[in-house]
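Okay, here's what each chain looks like letter by letter:
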Amino acid sequence: MKRILFGLLLLLWSSITGCSPSATSATPDTVRIRWARDPENLDPLIANNPSSYEVSTLLHCSLLNISDTGRNIVPWLAAASPQVERLGDSLMLVSYSLRPEATWDNGKPVVAQDVAFTLKMMNCPGLPTEMDQAMFHFIQDIRLDTTDSRRFTLVCTGQSSDYVRNSGDFSILPEYALDPKGSLRSVSIRELRSGAATAYASVTSFVQRYQAAQLAQHPDNLPGCGPYQLKNWQPGRFLTFTRKLKWWGDALAKAPPILRAVPKSITYQIIPDAGTAMLALRRGDIDLYPLMPAAEFARLRRSDADRARLSFYTVDSYECVVANFNTRQPTLQDRFTRQALSALFDVPGLIRATQQGAAYRSASIVSPRVHPYYNDSLPLPTYDTQQAITLLRKAGWREVNGQGWVRKQAGKLLELRLSLSYRAGDPALEAAALQFRAAATAIRIPVDLRPTEASLLVQQLREGTTEVSLRSIGGNPAAYDFTPLFHSNSTSLYNYSGFGTPASDHLIEAIVQTPDTAQKTRLLRRFQRLLYTERPIYVLYFLQYRIAAARRLGRVPVTSIKPSYRANAIDFSPVTK
Amino acid sequence: MGRYLLFRLGRTVLAAWGILSIIFLLTRWAATDIGLQTLQDAPTLGRGLSVGEQTRIAQQVRQRYGLDLPVFYLSVLTSDTDTPAWHPHWHWNGTRNQYHRWLRGVVQGDLGNSYREGTPVTKLLLQALRYTLPLTVSATFLATISTVLLASWVNYYNRWRGLVLAILHGIQALPLFLVALGLLLLLANPDALNWFPAFGLGDDTEQYSSWSEELLQYLRHLVLPVFSLLLVALPGFVVQLDGAMQQELREPYVATARAKGAPPVQVVRKHVLHNALLPVLPLFTELLPSMVTGSVVVEMVYALPGMGRLFVEAAAQQDLPVLLGVVLLVAIARLASQLLADALYQWADPRIRLHI
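On a predicted model such as this, the values are computed, not experimentally measured, just so you know. (Residues numbered from 1 in each chain as written. Chains lettered and ligands numbered in written order. Predicted model: local features only at pLDDT ≥ 70, side-chain atom pairs only at ≥ 80, totals over all residues. Heavy atoms only, no water.)

A.B. asks: Report on the domain arrangement of chain A, specifying residues and quantitative values.
C.D. replies: Residue and element names in this part refer to chain A. Split into domains, chain A comes out as domain 1 (50-218), domain 2 (228-316 + 547-569) and domain 3 (317-544). Between the C-alpha centres of domain 1 and domain 2 there is a distance of 29 Å. With 21 residues of domain 1 at the contact, the number on the domain 2 side is 23 residues. Taken together, both faces of the contact between domain 1 and domain 2 bury some 1900 Å²; the carbon and sulfur share is 62%. The largest share of the area that domain 1 buries against domain 2 comes from E54, L58 and D68, three residues that together contribute 36% of it. Where domain 1 packs against domain 2, one counts one salt bridge. One salt bridge connects K244 with D105, and the closest N-O pair in it is separated by 2.9 Å. Only helix 2 (50-59) and strand 2 (64-66) provide two or more residues apiece to the side of domain 1 that touches domain 2. Ranked by residues supplied to the side of domain 1 that touches domain 2, first place goes to helix 2 with four residues. Among the residues forming the side of domain 1 that touches domain 2, the class breakdown is ten nonpolar, six polar and five charged. (Domains from an automatic or database assignment. Contact = heavy atoms within 4.5 Å. Buried area = accessible area lost by both parts, 1.4 Å probe. Salt bridge = Lys/Arg side-chain N within 4 Å of Asp/Glu carboxyl O. Helix = DSSP H or I, 4+ residues; strand = E, 2+ residues; numbered from the N terminus. Nonpolar A, V, L, I, M, F, W, Y, C, P; charged D, E, K, R; others polar.)

Below, the structure written as C-alpha cells:
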C-alpha cells in the first residue's frame, strides 16, 4: 500500500514538473509586458492610472498625442495640428479637421459629431466624469462645420497655449454605439454643465444606457477607433489585446509612430512584485519590463547571459524628486533657512546610491532637457555644510553652546528642529531622508524622520501639517502652468509648500496666458530664478526611466513620458548586440 | 446543544455588527476626502480651475458616493462657537446618514460598489475567493494531514524526533516572504531548477490539448504558493501536536495499552493522537479566517489576485467599501472558527458540555 501511494505521488510530481513549460513561450508578433497593477477600470473617460491610460491608447484615439521626446504635440486623429485664433483677451477658437481615413469598426467615418458627442458625454450630469470636467473645463462649446462633417471648432475660455494641446487630449468615442438616435445632439455643453439638462428625458435615458453598458468592466461595449480590441481580461492577472484585422491606419501611406500597430497581440501581465517580474523576464515569460528599479536593472546589465538575450534602454524623463519646504511653518518662513537646508542634500551621492547614477540634476523644476525654457544660468546647488551654517546665521539663527540653533521670532525663542516626511516603503526617498538627517545632525539640527502611508501623507501635505517633505512630481515638458504647484490660490489643494506672493502669482498667470514663445521663455526663466532664490522646493534630480526587453522585440520605441514605451510600434526588427 | 448554537450564533452576529460598525465609523473619520483625491488624480492637476470649480467638482464626487451625508445618526454641531467643548451640541440626522445606508445595504446583501472599479464589492470578493480558496484550502488540507503524519511519525520513531523538531524550528524562524522568494529562486529560476512557473495561473496564450493537461498546468502554478504556505504553517502545528502527544504518552492509559500488548503504532494512532488533538484544535480552527483572507505575501510574490492582495490594495487606495467587505468576511470567518472550535471540542471529548 505504501509503495502504491509513493508511486502515485511520484507520478503526480513528475507529471506536474514535467509538464512542458514551452506552453508559455511567446508566439511571433506577440508582446508580453509587465504591469505592476491592474488598470481596474477600462472606461476611457474614467481612466485614472497609467495602466488604464495605456489601454485607452490601444482601443481609442484622441485628436493629438505627445511626441516620443515629449516636447511636441503630434496629430493623431486630427489631420494636422489645430489652427488657433484668439478672440479679445479671454476667448480662443481651436479648429480641427479629422483624418479622412479614420473610420469606426462598422466602416462609418469618424466625424466631428463624434467629438461633440464625447464632449457632451463628459459633461453629462449623473455620469462619473468629474475628472474630465476638471481637465476640460476650458472647452465651452463646439461648433460643427456645416460644409465638412470632419471639421469643427472648439470654443475655449483662456488663451493659454497649454489649452491648445489639452484640447486634443481625450479619447474620441463613437456616437453610434452609445447614442444611436443622437439624443444628446439637441443639448448644448453649457446646458449640461449648468445642470439644467437633467430636465431632459433624453439625457436621463442616455445616462441609464451608459450605466447599463458597464464600460468600466466591459470595454467591448464601446468599440473604439484604435488599432486593438480587448480579447481577454482576467482582473489582477492579465489583459490581452489583439490587433484588428482591418484598421483604418493601415491605409496611411507614411504612418507616424503613433499610428503604427505592428504586434498582432499584446498581453499585459500583472506582476506586483519586482523580484518576480525580473525572474519572469529572465525566464522569457514576459518580453518587456518597463520602469525597472535601478538595482535590478544594473544587476541584469552586469550579467553576460542576460545581456545576450535582453536589450536595455534608459530615457530621460520629466519626473523629478523634490524636497518640499512648507513655508507656512515658522522655522521655514525665510528663504535663507530653506537655502541652508537645501545645501544639506548630497544630490550626486544620492543619485549614485539610489539610482545607480541613472538620473540627472537640475537647478529648477523645468527639466534641463527643455532647452529654450530651462534657465541654464542658474548654478546647481552644492552639498556644503559650511555654506548651510553661513546661511543659517544669515537667517538669524544662532548656535547655543554647540547644542542646536535658536532665533527670536514674534517675541518667542524658536528652536530649529525639523520633521521630514516621505512616503513609507520608497527606498530612494528613505535614503535621501537618512542622508539629510545625517548631514543636519552633523551641524546640530535635530531631524525627526516620518515615513508616512501615501494617502495620509497627501492629506498632511494638503493640510499643511508637514515641515520638510520628499516626493516626486510627474512633469510634462509641454505644459507650463504652475498654478497648481505654486499659486497662492492653490494652497488648499496642491501647493504643498504654501508658497505664493503677488509677484510670483502674477508671473505664473503671465506664463499661462502668453501665446508668444519668446515671451514665455523669458517669463519661465524669470520664474525659475525666483523659485531658485525663494526655494519653496528643491529639485534633487530628474529620473531616468529604465526598460529591459527581450531582443526578439527589436528596437523598442521608448518615450520620456509614462509608460516609457510605445507597445503598438514595437516592430520586431533585428537588433545587433 | 441547539440552544447553545443559537445563542452563540446570535452573539456572533452581534459581535460582527459591533466590529464592523466601529470600523465603518473609524474609516469614515480617518479617510482622505475622495472629492479632493479625484481632483488630485486628474493628470493635469486641476489645471487652471478656480477654487469654486474645485469645490463644486469635489462635492459632486462626494454626492456620487453618498459621502455628502452625515456619517451617523448623531453629529456634533461645530458651528456653534459659544458651546463649550465639554458640552457639545448634538444634532439628530435621522436615517438619512451614511451609516444607515450602509447597514441597510449589508442586511440586504449589498456591500456597495468599489470606488476604484465601480464594481459591486460582493463580485470582487467572489472573484478574489476564486483564487484564494484553492490556494489556502489546499495548503490547510496538506498542513493538517502532514501535521498528523509527521507528529505521529516522530513520536513513533523517537530517535528522529530531536532532528526533525530542530529543522522545524529552523523553518519556523523564516518569514513567509523569505520562504516564498527562496522557493521561487530555487525552483523557478533558469539559473537553478526551472521546474515550476514563476507567477500567476497561466494566460490565454497557453494552449491545452485536454482538460487533464489544463488541470496539471493549474496544479503546476499552485505548487510553489501552496508549498510556501505549507512550509510556514507546518512547524507550528507539528511542534504543538508533538508537545501534546508527549504529554499524553506519559499518561497511565498509555502504559495500560502497552501492557495489554498494543503495538506502538496503534498506541500512538488510536490512543494518544485522539487525546492529543484536543489542545491543538483551536490552532486548526484558526485556519478558517486565514483561508478566507489568503496570504498577502504569497499573493504578491506569485502574482495571484486573491483576497490578501484585494485587501492591501483597497487599504492603500482607501477603497472603503471593499475594505469593509473584506473585514466583514474576515469577522464572520473568525467568529465561525470559534463556533467550530467549540463544536470540535465536544466531538473530541464527549465529556465537555457546552452550555450558555
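Anyway, onward from the coordinates.
A.B. asks: How would you summarise the nonpolar core if you had to cite specific residues and measurements?
C.D. replies: Residues and elements named next belong to chain A. Grouped together as the largest cluster of nonpolar side chains are 82 residues, with contacts concentrated most on L77 and Y268. Ranked by the residues each element gives to this core, the list is headed by helix 3 (residues 112-122), at seven residues. Both of domain 1 (50-218) and domain 2 (228-316 + 547-569) provide at least three residues apiece to this core. Residues within four places of L77 in sequence aside, it is in contact with C61, S62, L63, S97, L98, R99, A102, V110, I172, C225 and W248. (Core = buried A, V, L, I, M, F, W, Y, C linked by side-chain atoms within 4.5 Å. Buried < 20%, exposed > 50% of the residue type's maximum accessible area, 1.4 Å probe, protein only.)

A.B. asks: Describe the UniProt feature "transmembrane region" (unreviewed entry) in chain B, naming the residues involved and giving the relevant values.
C.D. replies: Taking the numbering used here, the UniProt-annotated feature "transmembrane region" (unreviewed entry) corresponds to residues 12-31, 131-151, 163-188 and 218-241 of chain B. Segment residues 12-31 of chain B splits into 95% helix and 0% strand. End C-alpha atoms: 28 Å apart. (UniProt positions renumbered as here; feature names shortened; annotations may be inferred.)

A.B. asks: Can you break down the interface of chain A and chain B residue by residue, with the values?
C.D. replies: Taken together, the contact pairs 59 residues of chain A with 63 residues of chain B. Buried area between chain A and chain B, both sides added, is near 5700 Å², and the carbon and sulfur share of it is 55%. Area buried by chain A at its contact with chain B is led by E130(A), R283(A) and Y494(A), which between them contribute 12% of it. E130(A) serves as the salt-bridge partner of R64(B), at 2.6 Å between the closest nitrogen and oxygen.

A.B. asks: Please set out the pattern of salt bridges residue by residue, giving values where relevant.
C.D. replies: Counting across every chain of the model gives 32 salt bridges over all chains. As a salt-bridge pair, R151(A) and D145(A) come within 3.6 Å of each other at their nearest N and O atoms. Judged by relative accessible area, which is 26%, D145(A) ranks as partly exposed. With a shortest N-O distance of 2.4 Å, R282(A) and D191(B) are connected by a salt bridge. With R282(A) in helix 9 (residues 274-283) and D191(B) in the loop between helix 7 (176-187) and helix 8 (211-249), this pair bridges two chains. Given the relative accessible area of 12%, R282(A) is considered buried. When its relative accessible area of 55% is taken as the criterion, D191(B) is described as exposed. One salt-bridge network, in which partners are shared between bridges, spans R37(A), E40(A), R116(B) and D319(B).

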